[in-house]
Every structure is written in structure tokens, then in C-alpha cells.
Amino acid sequence: MRLLFASAALAALCASSVHAQKTTENLVKPASKSGSLTGLKYTSVGATGSYDQVTNMVPGTFPSCTVNPSCIKKPKKISGKLAPFNEEMTFNFRGPLNLYNIAVYQPGSGANAPWTQVSSWSAGKAPSNLVFMNNLGGDKSGEFSICGGNSQSFANGAWNAATTAANAEIAKGFLDEDHEINIMTSKTCKESACDGFSRGTANHGWGDSKMLVVTFDMPPSKDASKVPAIWALNAQVVRSAEYGCNCRGVGSPGGCGELDILETLVGADPNHGISEIYSAKGATGSGNANFFARPTKDKVTYAVIFDVDTDSIAIQRLSTWDYSEKSVTRAVVEGYLNAPAMEVSFAHGARRRSELQKPRGVVGGHRRRHGM
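Since we're looking at a predicted model, the values are computed, not measured.

Trainee: I'd like a description of the overall build of the chain, backed by residues and values.
Mentor: Assigned secondary structure in the chain consists of 4 helices and 23 strands. Residue burial in the chain is summarised as follows: out of 372 residues, 53% are buried. Sequence separation of 24 or more characterises 71% of the internal contacts of the chain that already satisfy a separation of 6 or more.

Trainee: Could you give an account of the packing of aromatic side chains, with specific residues and numbers?
Mentor: Overall, the coordinates contain 10 aromatic pairs when judged by the stated rule. For the pair Tyr105 and Trp321, a centre-to-centre distance of 5.7 Å together with 75° between the ring planes defines the contact as edge-to-face. Of this pair, Tyr105 sits in strand β5 (residues 97-107) while Trp321 sits in the loop between β21 (312-318) and β22 (327-328), placing them 216 residues apart in sequence. We note that Tyr105, like Trp321, is buried. Taken together, Phe85, Phe91, Trp206 and Phe306 form an aromatic cluster joined through their ring pairs. Just above the ring of Tyr100 sits the side chain of Lys299; from NZ or CZ to the centre is 4.7 Å.

Trainee: Describe the nonpolar core, and please don't skip the residues or the numbers.
Mentor: If you look at the biggest cluster of nonpolar residues, it comprises 43 residues, and the most contacted ones within it are Phe93, Leu99, Ile102, Phe132, Phe216, Leu259 and Phe306. If we skip the residues at most four places from it in the chain, Phe93 touches Leu99, Ile102, Leu175, His179, Glu180, Ile181, Ile183, Val214, Ala229, Ile230 and Trp231. Among the nonpolar cores identified, the runner-up in size contains 18 residues, and Trp115, Ala303, Val332 and Ala339 belong to it.

Trainee: Give a description of the pattern of salt bridges that names residues and reports values.
Mentor: Throughout the structure, instances matching the rule amount to 9 salt bridges. Asp195 is paired through a salt bridge with Lys76; the nearest N and O atoms lie 2.5 Å apart. Placement of Asp195 in the loop between β13 (180-184) and β14 (210-217) and of Lys76 in strand β3 (residues 71-78) is noted, with a sequence separation of 119 residues between them. Arg330 is paired through a salt bridge with Glu334; the nearest N and O atoms lie 3.1 Å apart. With Arg330 and Glu334 both in helix α3 (residues 330-337) and 4 residues apart, this pair spans about one turn of that helix. Arg330 gets classed as buried once you look at its relative accessible area, which sits at 6%.

Trainee: I'd love a proper account of the side chain of Asn156, names of residues and values included.
Mentor: With respect to the helices and strands, Asn156 occurs in the loop between β10 (153-155) and β11 (162-163). We classify Asn156 as buried; its relative accessible area is 11%. There is a polar contact of 2.8 Å between the side chain of Asn156 and the backbone nitrogen of Trp159. Reaching out from Asn156, the side chain makes a polar contact with the side chain of Asn160 at a distance of 3.0 Å. Setting aside chain neighbours within four positions, we find Asn156 in contact with Ala161, Ala162, Thr163 and Glu169.

Trainee: Which residues make up the pairing of strand β18 (residues 282-285), and what values go with them?
Mentor: Moving residue by residue along a regular strand, the side chains alternate between the two faces of the sheet. Going residue by residue along β18, you find Gly282 and Thr284 tucked away on one face and Ala283 and Gly285 tucked away on the opposite face as well. Between strand β17 (residues 272-279) and β18, which pair antiparallel and follow one another directly, the connecting turn spans 2 residues.

Criteria and thresholds
Residues numbered from 1 in each chain as written. Predicted model: local features only at pLDDT ≥ 70, side-chain atom pairs only at ≥ 80, totals over all residues. Heavy atoms only, no water. Helix = DSSP H or I, 4+ residues; strand = E, 2+ residues; numbered from the N terminus. Buried < 20%, exposed > 50% of the residue type's maximum accessible area, 1.4 Å probe, protein only. Contact = heavy atoms within 4.5 Å. Phe/Tyr/Trp six-rings, centres within 6.5 Å; stacked < 30°, edge-to-face > 60°. Lys NZ or Arg CZ within 6 Å of the ring centre and 35° of its normal. Core = buried A, V, L, I, M, F, W, Y, C linked by side-chain atoms within 4.5 Å. Salt bridge = Lys/Arg side-chain N within 4 Å of Asp/Glu carboxyl O. Polar contact = N/O pair within 3.5 Å; in protein donor to acceptor, adjacent residues only side chain to side chain. Pairing = 2+ DSSP bridges.

What follows is the structure in C-alpha cells.
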């Protein structure tokens, strides 16, 4: 009888845990919509206009690049909900950072279809439909040219160098403050053509609606000029040259899409992480007075939702996430989209990057200096 009671109690506990995963009860409470944020929502995201898409890169001849132009671009027209963030995106990370879990979910067909886990990884384990990459092409994987610089490469297990094949080494999850990585799907541009120009080691990202869930912490930097960040880019940026010839920019033509999810700034409070969005519309963001707290000690979980149906992007901090859950109902996704959050409209008054008055350093400035 005792065994039966214990089994029933255990089953109830497990059922409760699973049920909690299928609700929005894991939203951090109390919610904060200003100052130290628990949620941020960008509305009216979709742009009508164009950006300069890279169509070719002329490699040049060693020892110097004398080709002009070496970066060949052509305007690409965009319109509709979420554009250009409905295109394939990649998710990027800069240390110091401990990554514990990553999952990406995407909706099936139909208005109320569940969002299925399409990619996942846990520290110390092999990923599923997810490849860790960096911008160190030219030796073990990818390529280097005198005009184009380094292409993408497969990241090694320590995330501080390139290796010969996708996920050839198991990643333990620590990213030092001197390096960056990004994630892509396992499908290569050779298997199926990618949009825009690609070279070296090039993979597909996640297109249309998608939700990134990530658990991490950001320990204190040894060098104050090297600070962590998590951001999303149009996958075309890294497939050409993240810090050179790419479609990143702002205004029309220009601006193929970037979302700074949580970015710590040099010269600002090292415990604050801001968010900004850039596209053909221009740029806007949380501002310096509103921020996500940098998790220097305890790990945190965030969900980042790019939703075509509502033309919005939401960032929500969660108290927990069950990464073994293979799908999320549309109702839960809508719950996160409609949860209390600072709301930033991208419909009007989008500013140029120079007007955002952000002190740029290694994480900010290293990206803005290149490929404008």
C-alpha cells in the first residue's frame, strides 16, 4: 500500500512538472517593465524597403587586396510581417560566458500548430541539428582570402579555435572573453542553396518564426574592455564575412537584420545588458536606463521569440525550462508574447545607430566598426 501511494505521489509530481512546462507559470515574477527588465517586446517589426545583399566576393591576390570593389552587392527588396527577421537567422555568443543548454523551436503548419524542438544542445553532450561555428576559417575548415578575410569555420570543443568537421569535439560550455561563437543548423549550403552569397564553411540558419531558449551565466570579465553578449544576425552576414563584406547596416538600402538580445557595454555598468534592433527601418532599443541584469553568478534562462503572425519579437526571462520537452503549444508561445514586458514599437521614429549614444567597446564596437 505504501509503495502504491509513493508511486502515485511520484507520478503526480512528474505530471505537475510536465504540466508546468506547458504553461507560462515559468515566467519570472514579479514582472518588471522598466529599469531592470524581465521582458522586452518589439512590435511592428516588419520592414518595407531593401537591403544590400552580398552577391559575390572577389578574393584578391596575396599580399594585398587591390581589387575595387571586392565586395559586390545588389539591393534586395523586402516586405511583410517580421521582414527581414523572417529570413534565416544565426545566434551569436561572446564570452565570458557559460552556456548550459540551447534549444530552438519552430511552428508546424496551421494557425494553432505546436512549436517543435528542431535543434538542441546540452553542455558536455553532442548537439542535435545544431553546429557550433566561429570566424576562423582558412586552416582546418573554411577559407581565408586577402580581400574577404576569414570565413566561417567549425568551432573546436573549447570554442577558441577551428576544427576540421562539425562538432568534431564535444563542447563543455565555457566561452572565454577573447572569443565568439555562433550556432547554425546542420544543413549546409552545399546540400541546399542558401540565400545570398556564401563561401567556405557555410550552413543554414533558422527561418520564418523561431524561438531560442538558452540557459547561461556571464561571469565577471578579467579585462573590463572585454564584455559578454548574446545577439542574433541574419545568417547571410556570417556566410560572407561577419566583420567585413556583409549585408549588415541600417536604413534602406542596408540592414538585413540584427537583434542584440543581451549586450554588456564597455564604459557602462558592467552588470547591465541592453537590447537593440537594427534593420532596413533603422534602429531602436531598450535605451540605457532599461536593461537586463547580467547574470554574473547564477545561471538564468531566456526565451527569444521571433513571431511572424504577430509581427513581433519578444525576450522573456524564465524561471526554468524543461529541455526534454519536444514541443510547446501555440497558447504558451502567445502567453510569452503577451506577458508583461517593456514594449518598444519599431513602427515610428527608428533611429540610426549613431543616434543611440551607446559607449561601444569590444562587444559593441567590434561589430559596428566592420561591415557597415
